[in-house]
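# Remarks on the overall topology
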Amino acid sequence: MRKEYGIGSILEEYLDIGLSLAGPQAALAECAPHLFELRDVLGQSVESLGLKDLYHKVELPLVEVLARMELAGVRIDREDPR
């Protein structure tokens, strides 16, 4: 089971590319040239596993919903510690 989902570990796993990731701007500059290749490799993997339909009909539509949930956050009642 994967413990880390950062772009550096994903690039290393799928493209065998190690990045220095010295800082946010350096990481972006290092990762950007590889993103289209990564898209192609991951797309082939999804297709070969027969998950293309699931990806397009379930996963992609959920991206917007999950992003809105993340932005909205959750309300916690600090008086009720259940």
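Residues numbered from 1 in each chain as written. Predicted model: local features only at pLDDT ≥ 70, side-chain atom pairs only at ≥ 80, totals over all residues. Heavy atoms only, no water.

### Details of the overall build of the protein
A tally of regular secondary structure across the protein gives four helices and zero strands. Traced from its N-terminal end to its C-terminal end, the protein shows the element sequence α-α-α-α. A compact globule built from 82 residues would reach a C-alpha radius of gyration of about 12 Å, whereas the protein, at 17 Å, exceeds it by more than 25%. With the principal axes as the frame, the protein shows a C-alpha extent of 50 × 35 × 25 Å. (Helix = DSSP H or I, 4+ residues; strand = E, 2+ residues; numbered from the N terminus. Rg over C-alpha atoms; globule rule 2.2 N^0.38 Å.)

### What about the environment of glycine 18?
Mapped onto the elements, glycine 18 comes out in the loop between α1 (7-15) and α2 (24-31). Residue glycine 18 is classed as exposed on the basis of its relative accessible area of 62%. Separated by twelve residues in the primary sequence, glycine 18 and glutamate 30 place their C-alpha atoms 9.8 Å from one another. (Buried < 20%, exposed > 50% of the residue type's maximum accessible area, 1.4 Å probe, protein only.)

### A few points about the pattern of salt bridges
Under the defined criterion, the tally for this structure stands at three salt bridges. A salt bridge links lysine 57 to aspartate 53; the shortest N-O distance between them is 3.5 Å. Taken together, the residues span about one helical turn, with lysine 57 and aspartate 53 both in helix α4 (residues 52-72) at a distance of four residues. Classification of lysine 57 as exposed rests on a relative accessible area of 59%. Given the relative accessible area of 48%, aspartate 53 is considered partly exposed. Between arginine 68 and glutamate 64 there is a salt bridge whose closest N-O contact spans 3.2 Å. Within this pair, arginine 68 and its partner glutamate 64 are both found in helix α4, separated by four residues, close to a single helical turn. Owing to a relative accessible area of 49%, arginine 68 belongs among the partly exposed residues under this scheme. (Salt bridge = Lys/Arg side-chain N within 4 Å of Asp/Glu carboxyl O.)

### Concerning the nonpolar core
Ranked by size, the top nonpolar core spans seven residues in total: Ile10, Leu11, Leu15, Ile17, Leu19, Cys31 and Leu38. At three residues, α1 tops the list of elements feeding residues into this core. What leucine 19 contacts, discounting residues up to four positions off in sequence, is Gly8, Leu11, Glu30 and Cys31. (Core = buried A, V, L, I, M, F, W, Y, C linked by side-chain atoms within 4.5 Å. Contact = heavy atoms within 4.5 Å.)

### Structural notes on the side chain of serine 9
Following the sequence through the fold, serine 9 ends up in helix α1. Serine 9 sits in the buried class, given a relative accessible area of 18%. Discounting residues that sit within four places of it in the chain, serine 9 has contacts with Arg2 and Glu4.

### Some details on helix α3 (residues 35-48)
Helical periodicity: at 3.6 residues per turn, an α-helix aligns residues three or four positions apart in one direction. Compared with the 20 Å implied by 1.5 Å per residue over 14 residues, the 20 Å span of α3 between its first and last C-alpha is a close match. Taken from the residues just after α3, glycine 50 is the one with a positive phi, measuring 75°. (Expected span 1.5 Å × (residues − 1).)

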